[in-house]
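# Chains, contacts and geometry: an overview
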Amino acid sequence: MEDWIIRLVEWGHYWGVALLMLLETVFPPVPSEVIMTVAGVSASRGTMSLWGTIAAGTAGAMLGNWLWYWLAIKFGEARMHVFIDRYSRWLTLDWAEIERGHGLFRKHGPIIVLVARMLPTLRSLISIPAGLFGMSLRRFLVFSTIGTAGWSAALASGGYFLGSQFDDIEKWLGPLSTVIMVGILGSYVWRLARWKPSATPAPKPVDARSDIHPEA
């Protein structure tokens, strides 16, 4: 996987990094850990600046974050309920769990979004409850950008440091991407094997927007 990531970064530079991070946000199995590390290595070799690399990665990811947020709002609660019920086994999530998290998200939504932006898988998925539960666009963008920029900076800086220390950095990029992908897959299989639906299903909402009151 790392070969085409390296080629796209070398060809597109900042645009390549932004595009890859957009894809990672929309399709989480493309790992940002590899994308931003490769971009940091490229920056260490003078093809891009470190700060420009971080900004490009953050911008691409934020475009994907906003897309999920917008889709959650447009999709609506009722249709999302149907979707979750239909695919809950494969999502390892049911509507009762979403309902339990609703109150917590109302109280601590901005902090939850900020922290989730630095956690595997949740980086992309957290945009859905943010839109579904009516988090204001301003808060969503501010706290998402802070978390996304922090995550991008950590990965790119790590790649920048490693790239400046080793000449044959590509030799460990392959094993690194393999470890990351195996970890992501293993985590999903573990959740799939252990997940059980809630004992008491949550009632279906009557209207897609009946209880959503956007924050100020």
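Residues numbered from 1 in each chain as written. Predicted model: local features only at pLDDT ≥ 70, side-chain atom pairs only at ≥ 80, totals over all residues. Heavy atoms only, no water.

## Concerning the confidence of the model for the chain
When pLDDT is averaged along the chain, the result is 80; 82% of the residues meet or exceed 70. Confidence, read as mean pLDDT per element, is least for helix H10 (residues 170-194) in the chain (74) and greatest for helix H4 (residues 50-75) (93). (pLDDT = per-residue confidence, 0-100. Helix = DSSP H or I, 4+ residues; strand = E, 2+ residues; numbered from the N terminus.)

## Thoughts on helix H2 (residues 14-26)
Between the first and last C-alpha of H2 there are 19 Å, a value that for 13 residues agrees with the 18 Å anticipated at 1.5 Å per step. If you check which residues of H2 are buried, you get Gly-16, Val-17, Ala-18, Leu-20, Met-21, Glu-24 and Thr-25. (Expected span 1.5 Å × (residues − 1). Buried < 20%, exposed > 50% of the residue type's maximum accessible area, 1.4 Å probe, protein only.)

## A word on the environment of Val-113
Checked against the element boundaries, Val-113 lands in helix H6 (residues 95-116). Its relative accessible area of 0% is what places Val-113 among the buried residues. Residues Val-113 and Pro-129, spaced 16 residues apart in sequence, show a C-alpha to C-alpha distance of 9.4 Å. Sequence-distant contacts of Val-113, that is, excluding residues within four places in its chain, are made with Phe-105, Ile-126, Ala-130, Met-135, Phe-143 and Ser-144. (Contact = heavy atoms within 4.5 Å.)

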